Amino acid sequence: MRCPRAVEALKEVHGQGLIYPDILPILLQTAREFACSMAYAGVEKVVIAPCQALVAAGEALHLPNLTFMTWADFVHGEKEHAPLLPEPALLAGSPVPPGYFDRIAEHVLLLTGPCAFEGSIRIPPKTNIIEMLYCLNGCHCGDGVLP
């Protein structure tokens, strides 16, 4: 459930034939905790996401005093600090790489990259967890990071 775009892609193929836990991606759960923190009540906050899918999912939470935007939107919107901010670009490595669940469960199916979600997806019978990242090899290739 850590990648909303991957979950939607899987639902397009498998519909409700799988169990989709009611778990928010960590970025959105953290944003929820931050938005509800009394220490920052009434303070406007911005959460930067690597893709439009996480921005849309975050906005759907309707959290008070909290705005979601992609890195690209943030950089292009911050005219005052624009000379100090790097241009959106592909990172060398992902801060959210695949493989997180390898040590937690015995039978993990990894789906990463748009090609993994094209057509029918074969899920082996013993699969306990499906780890999915729509962007190839992690969230560093999101549509909110690249120009």
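Located above this text is the structure these notes cover.
Residues numbered from 1 in each chain as written. Predicted model: local features only at pLDDT ≥ 70, side-chain atom pairs only at ≥ 80, totals over all residues. Heavy atoms only, no water.

> Any chance you could explain the overall build of the protein here in plain terms?
Within the protein one finds four helices and four strands. Taking the principal axes of the C-alpha coordinates as reference, the protein spans close to 55 × 35 × 30 Å. Each of the 147 residues in the protein was classed as buried or not, and the buried ones make up 32%. Sequence-distant contacts in the protein: of pairs separated by 6 or more residues, those separated by 24 or more amount to 49%. Of the accessible surface of the protein, which amounts to about 9,100 Å², a share of 60% is contributed by carbon and sulfur atoms. (Helix = DSSP H or I, 4+ residues; strand = E, 2+ residues; numbered from the N terminus. Buried < 20%, exposed > 50% of the residue type's maximum accessible area, 1.4 Å probe, protein only. Contact = heavy atoms within 4.5 Å. Areas by Shrake-Rupley, 256 points an atom, 1.4 Å probe, with all protein chains shown as cover.)

> Looking at this structure, how should I read the pairing of strand β1 (residues 45-49)?
Regular strands show a simple pattern: their side chains alternate between the two faces of the sheet. Of the two faces of β1, only the one carrying K45, V47 and A49 is buried; V46 and I48 on the other face are not. Across five bridges, the pairing between β1 and strand β2 (residues 66-70) is parallel. Pairing of I48 across the sheet is with M69, part of β2. In this view, the connection linking β1 to its parallel neighbour β2 by way of helix α3 (residues 52-59) has right-handed handedness. (Pairing = 2+ DSSP bridges. Right-handed = clockwise from strand over helix to strand, strands pointing away.)

> How should the side chain of K45 be read in this particular structure?
Its place among the elements puts K45 in strand β1. Despite being buried, K45 has no salt bridge partner; E44 is the closest side chain of opposite charge, sitting 7.1 Å away. (Lys, Arg positive; Asp, Glu negative; His and termini not counted. Salt bridge = Lys/Arg side-chain N within 4 Å of Asp/Glu carboxyl O.)

> Hey, could you run me through the pattern of salt bridges in this one?
A pair can form between side chains of opposite charge whenever their charged atoms are brought close. Within this structure, the stated rule accounts for one salt bridge. Notably, a salt bridge pairs R2 with E131, separated by 2.8 Å at the nearest N-O pair. Residue R2 is located in the segment before α1 (4-14), and its partner E131 is located in strand β4 (residues 129-133); the two are separated by 129 residues in the primary sequence. Judged by its relative accessible area of 0%, E131 is buried.

> Help me understand the environment of A105 in this model?
Assignment of secondary structure puts A105 in the loop between α4 (71-77) and β3 (108-112). Note: C-alpha distance between A105 and T127 (22 residues apart in sequence) is 9.1 Å. Apart from the residues within four sequence positions on either side, A105 is in contact with N128 and I129.

> Help me understand a nonpolar patch on the surface, please; the structure alone is not making it clear to me.
Together, F34, Y40 and V43 line one region of the surface with nonpolar side chains, adding up to about 240 Å² of accessible area. Positionally, Y40 belongs in the loop between α2 (26-36) and β1. (Patch = residues over 30% accessible without salt bridge, like charges linked within 9 Å, V, L, I, M, F, W, Y side chains within 5 Å.)

> Even after reading the chapter, I still don't get α1, so can you show me in this structure?
Think of an α-helix as 3.6 residues a turn; residues three or four steps apart then line up on the same face. Burial in α1 covers these residues: P4, A6, V7, A9 and L10. On its buried face, α1 sits against α3, β3 and β4. After α1 finishes, the residue G15 shows a positive phi value of roughly 55°.

> Honestly, unusual backbone geometry in this entry has me stumped. Any pointers?
Only a minority of non-glycine residues have a phi that is not negative, and only a minority of peptide bonds are not trans. You will see that H62, though not glycine, has its phi angle at about 50°, which is positive. You can see H62 is positioned in the loop between α3 and β2.

> Could you clarify how one ought to interpret the nonpolar core in this entry?
When a protein is soluble and globular, its nonpolar side chains tend to lie buried together. Within the largest apolar cluster, 14 residues are counted, with the highest numbers of intra-cluster contacts made by A6, L10, L111, F117, M132 and Y134. Among the secondary structure elements, those contributing two or more residues to this core are α1, β3 and β4. In terms of residues, this core owes the most to one element, α1, which gives four residues. Ranked by size, the runner-up nonpolar core spans 11 residues in total, among them A31, A35, L54 and L66. (Core = buried A, V, L, I, M, F, W, Y, C linked by side-chain atoms within 4.5 Å.)

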